[in-house]
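Here's the letter readout for the chains.
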Amino acid sequence: YLADDDKYKSFKIKKRAGGERLIEAPNKGLKEIQKNISVFLAQSYKPRACVFAYIQDRGIVEHAATHIGQRWLLRLDLKDFFHSISLARVSGVLRRAPYNFAESPANTTARLCTLGRRLPQGSPASPIISNILCRGLDYKLKELAASNKCYYT
């Protein structure tokens, strides 16, 4: 058993818009496990067309192209986004289709991907887990945008 301080190295980096972002980078062994979990989860994840964050072959150029020529652009950054995703939510998504983990493996996998009962910024598994968990949110925001003649990415 390793203490959290031995599993993660924490440091802060400056944000473009000011302020700092807490990064919690896993140690080499844990990082490798999280990468493998990420690869496994990605095999069944089909991102919506509006999703660009952390998606292979979708970059900032393609993302920006959606908004060229629009009169207005609203950009939001959710505060402590990864940290707002709990161990319980990670375990829950693993117990549902298409993964269908039993409770114990879902909880174990969730513990391997979380720090302090939440997703850490710095884990290679956090991006795919957050994208999977936000699939419904993306759909609702896309529908809201469309009903107001806007684009959502």
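Preceding block: the structure.
Here the structure is a predicted model, which is why all the values come from computation and not from measurement.

The rules behind these values
Residues numbered from 1 in each chain as written. Predicted model: local features only at pLDDT ≥ 70, side-chain atom pairs only at ≥ 80, totals over all residues. Heavy atoms only, no water. Helix = DSSP H or I, 4+ residues; strand = E, 2+ residues; numbered from the N terminus. Buried < 20%, exposed > 50% of the residue type's maximum accessible area, 1.4 Å probe, protein only. Lys, Arg positive; Asp, Glu negative; His and termini not counted. Charge placed at Lys NZ, Arg CZ, Asp CG, Glu CD. 1 Å grid on protein atoms, 1.4 Å probe; cavity = no way out; pocket = protein on both sides within 12 Å on 5 of 7 lines; lining within 4 Å. Points joined across faces, edges and corners; volume = space filled by probe spheres on them. Nonpolar A, V, L, I, M, F, W, Y, C, P; charged D, E, K, R; others polar. Axes fitted to C-alpha atoms, helices over the stretch in contact; angles between N-to-C directions. Parallel < 35°, antiparallel > 145°, perpendicular 65-115°, else oblique. Contact = heavy atoms within 4.5 Å.

## Let's talk about the overall build of the protein
Now for step 1: Check the secondary structure of the protein and you find seven helices and two strands.
Now for step 2: When the helices and strands of the protein are listed from N to C terminus, the series reads α-β-β-α-α-α-α-α-α.
Now for step 3: With respect to the three principal axes, the spread of C-alpha positions in the protein is 55 × 40 × 25 Å.
Now for step 4: With 153 residues in all, the protein has 31% of them scored as buried.
Now for step 5: In the protein, which carries 26 positive and 13 negative side-chain charges, the distance between the mean positions of the two groups comes to 5 Å.

## Things to note about the layout of surface pockets
Now for step 1: Of the voids in this model, the largest pocket is the one considered here, and its volume is about 2200 Å³.
Now for step 2: What lines the largest pocket is a set of 48 residues, among which His63, Arg75, Leu76, Asp77 and Thr153 lie closest to the centre.
Now for step 3: Taken together, the elements giving at least two residues each to the lining of the largest pocket come down to β1 (8–14), β2 (20–26), α3 (60–65), α6 (126–133) and α7 (135–147).
Now for step 4: Counting residues per element, the lining of the largest pocket draws most heavily on α7, at five residues.
Now for step 5: Residues that form the lining of the largest pocket fall into these classes: 25 nonpolar, eleven polar and twelve charged.

## Here we look at the packing of helix α4 (residues 87–95) against α6
Now for step 1: At their nearest, the axes of α4 and α6 sit 10 Å apart, and the two run at 70° to each other. Of the possible angle classes, the one that applies to α4 and α6 is roughly perpendicular. Along its contact with α4, which presents Arg89, Val90 and Val93, the element α6 presents Ile129, Ile132 and Leu133.
Now for step 2: Split by residue class, the contact of α4 with α6 holds five nonpolar, no polar and one charged.

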